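So you can see what is in the structure, the chains are spelled out below.
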Amino acid sequence: MNAIAVPQHPPTRLDELKQWVEDVARLTRPDAIHWCDGSDAENAALIANMQADGTLIKLNEKTHPDSWLHRSHPDDVARVEHLTFVCTRHADDAGPNNHWMAPDEGHAQMDALFDGCMRGRTMYVIPYCMGPIDSPLSRCGVEITDSPYVVANMRIMTRMGAAALARIEREGLAGGAFVKGLHSIGELDPNRRFIMHFPEELTIKSYGSGYGGNALLGKKCHALRIASYQARSEGWLAEHMLILGVENPQGETHYIAAAFPSACGKTNLAMLIPPEGYRRDGWKVTTIGDDICWMRPGADGRLYAINPEAGFFGVAPGTSSKSNPNALATIQNNTIFTNVGLTADGQPWWEGLDGGVPAYDWRGHEYDSSAPASSRGPAAHPNARFTVSAKQCPSYSPMAEHPQGVPISAIVFGGRRASLVPLVFEARDWTHGVLVGAAMGSETTAAATGAVGVMRRDPMAMKPFCGYNFADYFAHWLSFGDVAGLPKIFHVNWFRKGDDGKFLWPGFGDNLRVIEWMIARVKGDAGAQDTPIGALPHAHDLNLDGVDLGDEARAKLFGFDEAGWREEFAGIGEFLDEYGPRMPAALKAEQARILAELGG
Ligand code: GTP
Ligand code: MN
Ligand code: MN
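Residues numbered from 1 in each chain as written. Chains lettered and ligands numbered in written order. Predicted model: local features only at pLDDT ≥ 70, side-chain atom pairs only at ≥ 80, totals over all residues. Heavy atoms only, no water.

Comments concerning the overall build of the protein
Applied cut-off: Secondary structure elements follow DSSP: runs of H or I of four or more residues count as helices, runs of E of two or more count as strands, with numbering from the N terminus. Our radius of gyration looks at C-alpha atoms and nothing else; its globule reference is 2.2 Å times the residue count to the power 0.38. Burial status follows relative accessibility: with a 1.4 Å probe on protein chains alone, a residue under 20% of its type maximum counts as buried, one over 50% as exposed, and anything between as partly exposed. Accessibility throughout is a Shrake-Rupley quantity obtained with a 1.4 Å probe, and a residue counts as covered only by protein chains that appear here. Charge convention: Lys and Arg are scored as positive, Asp and Glu as negative, and His as well as the terminal groups of each chain are ignored. Note on charges: their place is set at NZ of Lys, CZ of Arg, CG of Asp or CD of Glu.
Check the secondary structure of the protein and you find 18 helices and 30 strands. Expected size for 600 residues packed as a compact globule is a radius of gyration near 25 Å; at 24 Å, the protein falls within 12% of this value. If one aligns the C-alpha atoms of the protein with their principal axes, the spans along those axes are about 70 × 60 × 45 Å. With 600 residues in all, the protein has 60% of them scored as buried. Only carbon and sulfur atoms are counted for the fraction: they give 51% of the accessible area of the protein, which is about 22,100 Å². Between the mean site of the 54 positive side-chain charges and the mean site of the 72 negative ones, the protein shows a separation of 1 Å.

Re the UniProt feature "active site" (unreviewed entry) in the protein
Using the following cut-off: UniProt positions are given in the numbering used here, feature names are shortened, and annotations may be inferred rather than shown by experiment.
UniProt's entry tags Cys-264 with the feature "active site" (unreviewed entry), counted in the numbering of this structure. In this structure, Cys-264 sits in the loop between strand 14 (253–259) and helix 9 (266–270). Its relative accessible area of 1% is what places Cys-264 among the buried residues.

Focus: the site of ligand 1
Let me state the cut-off plainly: Neighbouring residues are identified by heavy atoms, a residue being near a molecule or strand if any of them is within 4 Å of it. In protein, a polar contact requires one atom able to donate a hydrogen and another able to accept it; more generally it is a pair of N or O atoms within 3.5 Å, and residues adjacent in sequence count only if both atoms are side-chain atoms. Amino acids outside the nonpolar list (Ala, Val, Leu, Ile, Met, Phe, Trp, Tyr, Cys, Pro) and the charged list (Asp, Glu, Lys, Arg) are all regarded as polar, and Gly is one of them.
Taken together, 19 residues lie around ligand 1, and Ala-263, Lys-266, Arg-385, Phe-508 and Asn-511 are the ones closest in. Lys-266 places a polar main-chain atom, nitrogen or oxygen, 2.8 Å from an oxygen atom of ligand 1. Interatomic distance of 3.4 Å between a side-chain N/O atom of Arg-416 and an oxygen atom of ligand 1. Grouping the amino acids of the shell around ligand 1 by side-chain chemistry returns eight nonpolar, seven polar and four charged.

A look at the side chain of Ser-138
Applied cut-off: Contacts are assigned to residue pairs with any non-hydrogen atoms lying within 4.5 Å of each other.
Inspection of the secondary structure puts Ser-138 in the loop between strand 6 (122–130) and strand 7 (139–145). A polar side-chain atom of Ser-138 sits 3.4 Å from the main-chain carbonyl oxygen of Met-130. In this view, Ser-138 contacts Cys-129, Met-130, Gly-131, Pro-132, Arg-167, Trp-294 and Ile-306; residues no more than four positions away in its chain are not counted.

Examining the pairing of strand 23 (residues 385–389)
Keep this limit in mind: Pairing between two strands requires that DSSP report at least two bridges joining them.
Burial analysis of strand 23 places four of its five residues in the buried class, which makes it a mostly covered element. The sheet contact formed by strand 18 (residues 311–315) and strand 23 spans five bridges and is antiparallel. Its bridge partner being in strand 23, Val-315 is matched across the sheet by Arg-385.

Re the coordination of the manganese ion (ligand 2)
Each pair of donors in an ideal octahedron of six around a metal sits at 90 or 180 degrees, and each pair in an ideal tetrahedron of four sits at 109.5 degrees. Basically, it comes down to this: Metal-coordinating donors are taken as N, O and S atoms lying within 2.8 Å of the metal, or within 3.2 Å when the metal is Na, K or Ca; because water is left out, some sites can appear incomplete.
For the manganese ion (ligand 2), the full set of protein donor atoms is Lys-220 (NZ), His-240 (NE2) and Asp-291 (OD), and the range of their distances to it is 2.2 Å. Read in sequence order, the donor residues for the manganese ion (ligand 2) give the motif K-x19-H-x50-D. Between the two metals, the manganese ion (ligand 2) and the manganese ion (ligand 3), the spacing is 5.2 Å. On the criterion of sequence distance, the pair formed by His-240 in the loop between strand 12 (237–239) and strand 13 (242–247) and Asp-291 in the loop between strand 15 (284–289) and strand 16 (293–297) is long-range, its members being 51 residues apart. Owing to a relative accessible area of 1%, His-240 belongs among the buried residues under this scheme. Judged by its relative accessible area of 9%, Asp-291 falls in the buried class.

Regarding the state of the cysteines
For clarity, the threshold we go by: Disulfides are defined as cysteine sulfur pairs within 2.5 Å.
Following the criterion strictly, the structure yields zero disulfides and no others. Note on Cys-129: no disulfide assigned, nearest cysteine sulfur contributed by Cys-140 at a separation of 3.8 Å. Left without a disulfide partner, Cys-221 is nearest to the cysteine sulfur of Cys-87, which lies 12 Å away. With a relative accessible area of 0%, Cys-221 lands in the buried category.

As structure tokens, this is what we get:
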């Protein structure tokens, strides 16, 4: 054992944690071990070190106080789904939706990478809590990392430090478990990069990437992949969903959870600003979460949801005073920007931002805005992100800190679909709603490595994040079906395009018009036409005052294309069949019922 690496008195009374930290130190050989307490002083020291070694660049203190730019390795800018594994004893438990490796092999491969990898570095031990510290719905973990950038981001994204450690110790001494996440940036070599999950051991090992989704292990790795597995055995749901509160002029608040694939508008919808007329009438939208939602049935049968995160890791490009003024207000100070461009006076810059001229691109190269657009590429990476505390968001709801969570009135699924899929429809019951979620398709975006704009099935926006076999996951969803008080399920598509290739729906703030219709449906007082795919509003069922929609837009946003849907449902049937006999019969029966109604 390396005597320098392991302090004589690790600051925990939990033997399991002490032992694990020792084992990791013995394997990775750090020069020092730092147990994070989450204090301001600790953060300031880490930031100062990172500024000194160039990991962080100080932004203009006048315009962006306490804010920083981080430039990642240019090959390390997004999640890497092809290098992400779920390691269960039986391959079938991971399912065709995941890359699988046997746990022994996974550990061996990762431990070989971790062997001695922290030499010359400090190893940070980060106790964190996903969800309010005092919530029974919250779950804890500890991430070990050699990246101070990860520590600074985890401090924003989770409840990190002394309070989390106290909860972990309390639960651990009572026989409870915490998630163990081991991370090293390694050499940032894409050929030596893997993100592996061992759900049966509540363990994560991530090597070779510093990017948020790969390295902030509390987020996608824990709060979705491991938590979805945990949730199944414990009777709850861990979902890739935003949560927002909508208060109507009568003062009633409804909470809505919505699953859209990465870069399809969750952060935007979560921070929606009502259109002018709605504001005048007294509508208010508040933000609970923008990416992840944990839900559990309450005693009254309703689903109660918490946002397990404490911050936003949002897409910067496209964020403007028009598209998302709340996000823009949130990131005026105390923010870490990753892979954005930089102006000559040290302000962050990205495509779509109102004003400013980039002098440097996200790689730090000088940027010539006057060069032809085709030759210069974007100044910010398309998946550039901001990390910021949710508390800085003007629309952040105090209910986000409520230990019991918020009751969900409606669940919304949606994706990017240029054709076929109308603006909104409502599932006829829970089973149909689960099929609507399971059948979700979306065109790919820059949030993951790979081609952009290709339609793929992304059930419940969980394709990259479900920690077990989708067939079992759908069965778990179906198992909630007997509970009275469950939310209604809807599907939306903000991305329908016209023949000219332009979006037909104005989107953003105007999406509240669609939400108003959903809430009215929940209360039973809004019209719709019944079709085989669900209840579709007529244009006149929505408040479209002040929205200018042409004939093509009305026809496509509110229309039902039977032949197109017949083809779609045949494709959905093929998708379900990929899972063989493990796919719940109830879901296949639902698909067959609708296909028959469509004349297929
Ligand atoms: P992750 O954080 O990666 O999970 O993604 P997200 O779902 O939070 O994505 P985000 O809100 O950052 O989506 C950003 C993209 O969606 C940008 O290109 C926005 O312009 C676009 N977008 C968001 N809302 C709308 C909308 O209502 N209409 C249209 N047309 N585009 C939208
Ligand atoms: Mn996401
Ligand atoms: Mn987001």
